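Working through the structure, step by step
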Amino acid sequence: MNYIFGVIGGQSAGPQPTGAETVQKLCDRVASSTLLEDRRDAVRALKSLSKKYRLEVGTKAMDHLLHILRTDSSDTEILGYALDTLYNIVCNDEEEEPEENHQKQEDDMGIQFTDKFIQEPDNVTLLLTLLEEFDFHVRWPGVKLLTALLKNQCAQAQGIILVSPMGVSRLMDLLADSREVIRNDGLLLLQQLTKGNAAIQKIVAFENAFERLLDIITEEGSSDGGIVVEDCLLLLLNLLKNNSSNQNFFKEGSYIQRMKPWFEVGDDNSGWSAQKVTNLHLMLQLVRVMVSPVNSPGGTSSCQKAMFQCGLLQQLCTILMATGVPADILTETINTVSEVIRGSDVNQDYFASVNAPSNPPRPAIVVLLMSMVNERQPFVLRCAVLYCFQCFLYKNHKGQGEIVATLLPSTIDANSISAGQLLCGGLFSADSLSNWCAAVALAHALQDNLTQKEQLLRVQLATSLGKPPVSLLQQCTNILSQGSRVQTKVGLLMLLCTWICNCPIAVMHFLHNQDNVPFLTGQISENLGEDERLVQGLCALLLGICIYYNDNSLENYTKEKLKQLIEKRIGKENFVEKLGFVTKHELYSRAAQKPQPAFSTPEHMLFDHEFTKLVKELEGVITKAVLKSSEEEKKEEEVKKTLEQHDSIVTQYKELIREQDSQLKELKEQMASLTSQNEKLQNTTTQQLSQIQQHKDQYNILKLKLGKDNQQTGSQADGAHVNGLQLEELSQLREQLEDLHRQNQSLQTQLTEKDNVISSLQMGVPSAEGSTSENTEILREVEKLKAQLQSQTAEITQLQTERQELLGRCETRATVPVTGEDSGYTEKIAELESRLSTQNTETQKLKEEVKALLESKESTEKELASATSTVAILQAEKSKLQKEVQDSKKEQDELLMLLADQDQKILSLKQKLEDLGETIEDEDDLDTKDQFDDDDDDDEEEEEDDDDE
């Protein structure tokens, strides 16, 4: 201990040891001491020397310090000293301002020690484990050490943490620490951890990072907060930028809605602090990350929709029109609004309706265009306004029409400033940057819109007093020929190329001026300086568009004559070479990278992003059009016509095949529906047949049961109520029953005779002429038999009615008590009961005989109808008898008729299918009706057999 204090305090009497020797002795003490206090003091001494003797401590003590972290993990104090020492070794101290070479050496030293530390992945895993220790003296230096490792060797450290179990989750717990120092340093650690690693970014996002960060931003005061808000925003940018998965998660978690309060700036916009400007700038960048043009179209569109629905776009437009907003915030807000409305119809329509708080109110678009064409405005602000106007017109035909309409004579309002007037003013002003911006803005109003290209041809400009007005197209070419600056020429040439591209009418108007073609050929053929090469290339592009989209309506400037002119005045190879100057320009590739115009100086504003797409599309086709000879063009035209004819024939056949396919599809659908209907009807018929059979069985059972009940009920009722019956009434009833029995017997005899006659007819049916009289007699006898049966039925009905009346009277008499006067009739009553029982039995037998007679009558009628089927005279009577039989099955016949109609439809549909070439293998459906007819005939035969039995 005294030795250590002597080293630290410099109290040694002998020669002073060097720093390396002191570090070596301390390392030996750390390695050899058995007491924890001695090791703790030695590590504390190494910590104090680690900044001054960084190289010596890092070289000799790192292994011993790592050993301390593993073995003395129970003592938080020595762990804190060891972690602080390691941090001093690998961290590059940024507080001091040393010389550049010394700083480079320090950085290299920190990277070397970092490499040594992470060479063993277990060291990083050990450090992650130590971060779970809640003690401040362990957790805080551990966070700082891991942050330094990530700064020096980010990729290697990220890989180790990614494969470490629960590594990212342990670091996310730092955000929940109640100590602000650890939480804030944890934010810095997560910033380094999430740089350029999509996998870690996804894990951090799904560890509920968005919720925690937004809560911290709200707690710290949003845009008015301090450096902590800035750190949270930087971490959010790391998680969302170029990470579609996290962007989708952020949108679906409804976190976009929580961004709206960030932009609620007050009315007093004076005195913006530097931190507030930084915070708001990062917040605007965060909004732009969600709607960036480089994102997937679907994700960008959904985010734009969410921003409009939650009111975020409205809040941004409020900042856009507010006063006192710093210039850099206003510029970034314009860029943010640009990307929020880009390609979104709803957002573009809303932006068109925004008015500036002026008197009188002016549209926000007009106010922004006034800033764009004003040369006193900052350059970055003018670029932002141009980008906003481009995004407003992107895929917005409605907005393009509204801008062009402000230039047409019928819609010009002399009392107000319109967007078209501002663009024309900027197009012809003395400021070349205004010329370029106005030309590009007007070109975007014509992008992919043939209607507006033709409408813009109607615009007439008054150049000076006393001179007739000239068209806008002609005025642009006049300015080109006056020797303007390169930036102005490039802007006007881009406007003209966009204007006449894919518009033969505009090409005809351009060629109609006799000076335009000589000017272009003269510009292309001259040997100009390096700055004018781009103008030559654009002139070649414009002339090539005049050839490619020429409809040969002007005799002097047909395709062939223009190509001959190029060959004579310029040369085809020279023309193609000059055309290639456009794409070879260094600023061309820079403009083609992203839609936003990003230029370091105004002189570099030469190319527009959308125009680079047009050049890429036209360069190849123009080169082919110029190099082809007239014979090749004729051959190509012939081949093209042949192909067109072939295509038309193929199209016709395709349409015919489509029609046939649709018809076939309809027929198949109809067939399927009819088949399903047929199956349903078959099922219904089967169910109804089974129900009918069940009803028949139930009817027979009830019939038998009713007969028994009638016998029992009749005997009981007659026995119970016989007290009041008169002997005369009983005798009359008996006589009537006997008469009925005799009549039934005579009727049965007659029916037997008719059965014999029918049997004789079945044995041999005579001819129609010979059997006429005999058949007539049979019919008469049948009619008589029918009449007798009807009379007999009526008599039975009347007898039953009288019997019911008698029973009713008996019931009335039965309610009266029996007196002594009636006791003499006891024997008579017993005799009457026996006789009545006998009569009831005879009556029941008579009923059964009548039923049998009725059944034999029906069978006789059926046999007679079948026996006389070959006789023409009896056909009418046969039909009547069959109709009477079929009346009992009316419901079944209707179903059979419906099935027959459906079968007929199915037959016709199958016939159509056969005509169309379809093969039909299953013919069972065609016999459905015959099968049901056969089943019906079988049922009739079974009934006849039952009747005979």
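About the cut-offs
Residues numbered from 1 in each chain as written. Predicted model: local features only at pLDDT ≥ 70, side-chain atom pairs only at ≥ 80, totals over all residues. Heavy atoms only, no water. Salt bridge = Lys/Arg side-chain N within 4 Å of Asp/Glu carboxyl O. Helix = DSSP H or I, 4+ residues; strand = E, 2+ residues; numbered from the N terminus. Patch = residues over 30% accessible without salt bridge, like charges linked within 9 Å, V, L, I, M, F, W, Y side chains within 5 Å. Areas by Shrake-Rupley, 256 points an atom, 1.4 Å probe, with all protein chains shown as cover. Phe/Tyr/Trp six-rings, centres within 6.5 Å; stacked < 30°, edge-to-face > 60°. Buried < 20%, exposed > 50% of the residue type's maximum accessible area, 1.4 Å probe, protein only. Lys NZ or Arg CZ within 6 Å of the ring centre and 35° of its normal. Contact = heavy atoms within 4.5 Å. Core = buried A, V, L, I, M, F, W, Y, C linked by side-chain atoms within 4.5 Å. Axes fitted to C-alpha atoms, helices over the stretch in contact; angles between N-to-C directions. Parallel < 35°, antiparallel > 145°, perpendicular 65-115°, else oblique. Left-handed = near helix turned anticlockwise from the far one by under 90°. Nonpolar A, V, L, I, M, F, W, Y, C, P; charged D, E, K, R; others polar.

1. Digging into the pattern of salt bridges
Going through the model one piece at a time under the given rule, you end up with 18 salt bridges. Here Glu132 makes a salt bridge to Arg170, at a shortest N to O gap of 2.8 Å. Of the two residues, Glu132 is situated in the loop between helix 7 (121-130) and helix 8 (136-152) and Arg170 in helix 10 (residues 167-172); the sequence distance between them amounts to 38 residues. For Glu332, the salt bridge goes to Arg288, with nearest N and O atoms at 3.1 Å.

2. A few points about a nonpolar patch on the surface
Side chains of Ile649, Tyr653, Leu656 and Ile657 sit close together on the surface and give an oily, nonpolar patch of about 390 Å² of accessible area. Structurally, Leu656 is set in helix 37 (residues 630-721).

3. Side note on the packing of aromatic side chains
A complete count under the given rule lists eleven aromatic pairs for this structure. Each ring, one from Tyr548 and one from Tyr549, has its centre 4.9 Å from the other, and the planes form 90 degrees; the classification is edge-to-face. Given the relative accessible area of 36%, Tyr548 is considered partly exposed. For the pair Tyr588 and Phe607, a centre-to-centre distance of 5.6 Å together with 90 degrees between the ring planes defines the contact as edge-to-face. One end of the pair, Tyr588, is in helix 35 (residues 586-591); the other, Phe607, is in the loop between helix 35 and helix 36 (609-627), with 19 residues separating them in the sequence. Taken individually, Tyr588 and Phe607 each receive the classification buried, so the pair is uniform in this respect. Ring-pair connections join several aromatic residues into one group, and the members of that group are Phe206, Phe210, Phe249, Phe250 and Tyr255. One Lys or Arg, Lys144, reaches over the ring of Tyr87 and ends 5.0 Å from the middle of that ring. For Lys276, the ring lying beneath its charged end belongs to Trp272, and the centroid distance is 4.6 Å.

4. Some thoughts on the environment of Ile203
Mapped onto the secondary structure, Ile203 falls in helix 12 (residues 198-206). What makes Ile203 partly exposed here is its relative accessible area of 33%. Placed 36 residues apart in sequence, Ile203 and Leu239 show a C-alpha to C-alpha distance of 9.8 Å. Ignoring anything within four residues of it in the chain, the contact list for Ile203 reads Leu162 and Val168.

5. A word on the nonpolar core
Counting residues in each nonpolar core, the largest one holds 208 residues, and the members touching the most others are Leu146, Leu171, Trp262, Phe263, Phe351, Trp499 and Leu541. The dominant element in this core, judged by the number of residues it contributes, is helix 22 (residues 379-393), at twelve residues. Setting aside residues no more than four positions away along its own chain, Leu146 makes contact with Val124, Leu127, Leu128, Leu131, Ile161, Leu171 and Leu189.

6. Some words on the packing of helix 16 (residues 274-290) against helix 19 (residues 327-341)
In a pair of packed helices, the angle between the axes and the distance between the axes together describe the arrangement. Two numbers describe how helix 16 lies on helix 19: the axes approach to 9 Å, and their chain directions differ by 15 degrees. Comparing their axes, helix 19 and helix 16 come out roughly parallel. Handedness of the crossing formed by helix 16 with helix 19: left-handed. Residue-level contacts link Val277, Leu280, His281, Leu284, Gln285, Val287 and Arg288 of helix 16 to Asp328, Ile329, Glu332, Thr333, Asn335, Thr336, Glu339 and Val340 of helix 19. For the contact of helix 16 with helix 19, the per-class residue count stands at six nonpolar, five polar and four charged.

From the geometry alone we can't say anything about function, so treat these as descriptive.
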